[in-house]
Protein chains: 2
Amino acid sequence: MQLGDLLAPVRAELERVGSELVAELRGEEADLLPLVELAASFRGKQLRPALVLLAGRAVGALREEHVAVGKIIELLHTATLVHDDVLDGASLRRQQATVNAAYGTEIPVLLGDYIYARAFHMSVLLSDPTCSRVLAETTRRICQGEITQILHRFDFDWDEARYFRVIVDKTATLYAAACRLGAHYAGASRAQVEAADRFGLELGTAFQVVDDCLDLDGDEHVVGKSLGTDLSRGKLTLPLLWLLGQREHGERLRELMRSPGDEHAKLAVLKREFPLEAAIGVAMEGARRRLANARAALAGLPASPARDAMDGLVDYVLARSS
Amino acid sequence: MQLGDLLAPVRAELERVGSELVAELRGEEADLLPLVELAASFRGKQLRPALVLLAGRAVGALREEHVAVGKIIELLHTATLVHDDVLDGASLRRQQATVNAAYGTEIPVLLGDYIYARAFHMSVLLSDPTCSRVLAETTRRICQGEITQILHRFDFDWDEARYFRVIVDKTATLYAAACRLGAHYAGASRAQVEAADRFGLELGTAFQVVDDCLDLDGDEHVVGKSLGTDLSRGKLTLPLLWLLGQREHGERLRELMRSPGDEHAKLAVLKREFPLEAAIGVAMEGARRRLANARAALAGLPASPARDAMDGLVDYVLARSS
């Protein structure tokens with residue numbers, strides 16, 4: 001099923017999230033307007049606000065807060081994208097020049113801070129402080145995960161447990177927060193809030209595993225960004241960890257990762273001389289286990305078209321190629 | 001009077017701000033500990049938390065919230081320092097290697113985000129949401145001011161009004177927020193909160209004017225950072241704006257600013273061939289006017305040793321050489 005069809009139960013509200021976000025950002029100072037519009041154009045599938053809305057609809061009725069939380073989560077995600085592009089020195093995102101490509105390093109550092117501040121400001125205007133508390137803690141964990149990952153590049157003592165801890169922090173906590181807040185603002189029971197949180201955490205973890213696989217075996221034109229970067233930057237993702245653990249491949253892979261040369265050249269060697277397909281297979285098995293956990297968590301929510309859509313997202317994450 | 005003596009009315013609480021901040025940051029993940037300790041070591045005179053405490057004491061009794069708000073404001077300020085050093089490519093702060101000098105660009109971008117998130121998290125734990133609301137808005141304005149300044153480097157159409165608008169945003173709003181929150185959490189009347197806010201805004205504006213003068217005529221060893229950077233980076237500060245407006249100097253100064261060459265060489269030319277002393281004099285006159293406004297705002301607070309200390313800070317800002 002296409003993502004657009006899956007999101008049908010919350011389409012109207014999701015469109016409000018997108019259009020209101022753009023309209024509100026238009027109220028900026030003239031100097032900032034082109035910057036925030038550029039950042040807003042990087043937004044993609046709106047998966048995170050969709051989760052806020054689906055989790056809300058799955059346990060009750062959607063309220064104004066759901067649209068607000070959807071906007072806040074999407075803004076926060078946008079801020080991380082702007083900073084990520086600085087960190088990666090990326091020049092293209094969604095076929096457009098990144099903020100750093102267009103303006104240098106300084107502007108996107110400040111623009112990311114600015115968008116974070118906008119998100120927090122919108123969240124503290126809500127009467128219930130749950131959104132602010134969850135999002136401040138989530139942002140802290142996203143940064144913590146990213147910092148840990150950078151500090152342990154080329155750290156060949158890295159293991160699967162630490163890999164999962166980092167991707168939970170840097171990616172899955174925001175999915176969990178989206179689902180948790182969606183359920184919370186619909187008046188869910190404590191058990192339902194925990195079930196929604198668990199669903200988001202497992203789905204987000206699987207999402208990142210698939211992302212890490214795509215970096216090695218995806219189609220650059222479909223994924224829409226430079227691939228092979230984990231390999232040349234020493235980021236020890238799940239397929240690479242498996243290969244490193246194979247007696248006949250580990251030492252050669254360490255050498256390949258440490259060697260000079262660009263990511264495309266290294267990727268070509270990896271595909272030619274290593275059992276990449278098997279490594280991807282093992283990693284995707286890890287993703288599938290997480291997705292099975294996500295599906296199991298849905299049993300904690302009442303049956304509804306929204307819950308069916310969440311179930312459909314499990315298949316979407318597994319099958320996605322971009 | 002020395003700053004330490006001026007802050008005597010709130011010394012005990014100010015020491016709590018400093019020591020509790022360091023103790024709480026010690027609770028970090030092992031990977032992050034050296035990073036947050038390095039960032040914490042950049043903190044200086046604790047002027048902003050001191051203003052929270054003095055404004056609170058000036059209108060009533062200090063409560064636990066004042067220490068919390070002091071820590072939050074200091075953390076927020078620390079986050080801006082970490083990001084500023086990335087923007088400026090600075091290698092030294094307070095005689096130590098900056099985070100970017102020690103770890104490259106990526107870590108301090110994320111560390112700044114992490115510290116912002118910690119500050120917001122601490123603030124959303126307070127039962128009264130005023131702190132969160134004021135700080136989210138203040139952070140937004142700090143970023144807006146910094147972005148506007150960067151976008152208008154070497155923009156020789158820049159004028160005094162826009163200069164003041166930018167320094168109010170990027171510097172004075174945090175001073176105003178410190179004073180406003182200090183008064184608010186001591187149960188001040190609306191008029192007292194506004195008087196405290198006005199005091200902080202005028203004091204912070206003057207502080208930045210003095211900072212911009214020190215960049216041109218300070219002693220590098222006393223100030224503790226590289227000077228002359230505004231000149232070579234095209235930042236149109238108040239003394240430079242005055243010189244640019246002088247018929248016999250404007251064109252030559254534009255040429256000097258645009259010319260290649262490092263800041264020390266340009267600073268030497270500025271000192272030798274331009275009436276720098278007169279320019280500094282005019283700018284300091286602007287600072288003095290702001291400080292007179294700050295002093296006038298104090299009339300809105302009841303007489304007390306804390307208010308006297310705030311009055312003393314006016315002279316401190318004018319006389320400071322670092």
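Basis of the calculations
Residues numbered from 1 in each chain as written. Chains lettered and ligands numbered in written order. Predicted model: local features only at pLDDT ≥ 70, side-chain atom pairs only at ≥ 80, totals over all residues. Heavy atoms only, no water. Least-squares fit on C-alpha atoms with pLDDT ≥ 70 in both. Contact = heavy atoms within 4.5 Å. Buried area = accessible area lost by both parts, 1.4 Å probe. Salt bridge = Lys/Arg side-chain N within 4 Å of Asp/Glu carboxyl O. Helix = DSSP H or I, 4+ residues; strand = E, 2+ residues; numbered from the N terminus. Nonpolar A, V, L, I, M, F, W, Y, C, P; charged D, E, K, R; others polar. Phe/Tyr/Trp six-rings, centres within 6.5 Å; stacked < 30°, edge-to-face > 60°. Lys NZ or Arg CZ within 6 Å of the ring centre and 35° of its normal. Buried < 20%, exposed > 50% of the residue type's maximum accessible area, 1.4 Å probe, protein only. Polar contact = N/O pair within 3.5 Å; in protein donor to acceptor, adjacent residues only side chain to side chain. pLDDT = per-residue confidence, 0-100. Axes fitted to C-alpha atoms, helices over the stretch in contact; angles between N-to-C directions. Parallel < 35°, antiparallel > 145°, perpendicular 65-115°, else oblique. Left-handed = near helix turned anticlockwise from the far one by under 90°.

J.: Which residues make up the relation of the copies chain B and chain A, and what values go with them?
T.: By a simple turn and slide, chain B fits onto chain A: the slide is 0.0 Å along the axis, the RMSD is 0.0 Å, and the turn is 180°. The transformation just described matches what one would write down for a two-fold rotation axis. When the interface residues of chain B are mapped onto chain A, 100% of them are again interface residues, pointing to one common binding face.

J.: Describe in detail the interface of chain B and chain A, supporting the description with residues and values.
T.: On the side of chain A, 37 residues touch chain B, which itself brings 37 residues to the contact. With both sides pooled, the region where chain B packs onto chain A buries about 3,700 Å², and carbon together with sulfur makes up 72% of that total. When residues of chain B are sorted by the area they lose upon contact with chain A, B:Glu106, B:Leu110 and B:Ile147 head the list and together hold 16% of the total. Between the two partners, chain B and chain A, sit two salt bridges. Every element with two or more residues in the side of chain B that touches chain A is listed here: helix 5 (64–88), helix 7 (106–124) and helix 8 (130–151) of chain B. Among the residues forming the side of chain B that touches chain A, the class breakdown is 20 nonpolar, seven polar and ten charged.

J.: Just give me the short version of the packing of aromatic side chains, but keep the residues and values in it.
T.: Aromatic ring pairs are reported here in terms of the distance separating the ring centres and the angle at which the planes meet. Per the counting criterion, the structure on display carries five aromatic pairs over all chains. Ring centres of A:Phe120 and B:Phe120 lie 4.3 Å apart, and the angle between their planes is 10°; on these two criteria the pair is classed as stacked. Here B:Phe120 lies in helix 7 and A:Phe120 lies in helix 7 (residues 106–124), a pairing that spans two chains. Cation over ring: B:Arg254 sits above B:Phe156, and NZ or CZ is 5.9 Å from the ring centre.

J.: Describe the side chain of A:Thr171, listing the residues and the values that go with them.
T.: Residues and elements named next belong to chain A. Checked against the element boundaries, Thr 171 lands in helix 9 (residues 160–184). For Thr 171, a relative accessible area of 10% corresponds to the buried category. There is a polar contact of 2.6 Å between the side chain of Thr 171 and the side chain of Gln 208. The contacts of Thr 171, once residues within four sequence positions are left out, are Gly 204 and Gln 208.

J.: Now, about the confidence of the model for chain A: what can you tell me, with residues and values included?
T.: Atom-level detail of predicted coordinates should not be read off regions where pLDDT is low. Mean pLDDT over chain A: 92, with 100% of residues reaching 70 or higher. In the predicted complex, the global pTM is 0.92; the interface-specific ipTM is 0.91.

J.: Before we move on, can you summarise unusual backbone geometry with the specific residues and values?
T.: Residues and elements named next belong to chain A. With a phi angle near 55°, Gln 46 is a residue other than glycine that sits in the positive phi range. Mapped onto the elements of the fold, Gln 46 is located in the loop between helix 3 (33–40) and helix 4 (47–59). Owing to a relative accessible area of 14%, Gln 46 belongs among the buried residues under this scheme.

J.: Break down helix 3 (residues 33–40) of chain B for me, citing the residues and quoting the values.
T.: Every buried residue of helix 3 of chain B is listed here: B:Leu35, B:Val36, B:Leu38, B:Ala39 and B:Ala40. Residues of helix 3 of chain B that are buried make contact with helix 8 (130–151) of chain A together with helix 2 (11–25), helix 5, strand 2 (96–97), helix 6 (99–103) and helix 7 of chain B.

J.: Got a sec to walk through the packing of helix 8 of chain A against helix 7 of chain B? Specific residues and values, please.
T.: Running from N to C, helix 8 of chain A and helix 7 of chain B point in directions that differ by 155°, and their axes come no closer than 8 Å. Between helix 8 of chain A and helix 7 of chain B, the angle is such that the two are roughly antiparallel. Here helix 8 of chain A and helix 7 of chain B pass one another in a crossing that is left-handed. Facing A:Ser132, A:Arg133, A:Ala136, A:Glu137, A:Thr139, A:Arg140, A:Cys143, A:Gln144, A:Glu146, A:Ile147, A:Ile150 and A:Leu151 of helix 8 of chain A, the residues of helix 7 of chain B in contact are B:Glu106, B:Ile107, B:Leu110, B:Leu111, B:Asp113, B:Tyr114, B:Ala117, B:Arg118, B:Phe120, B:His121 and B:Val124.

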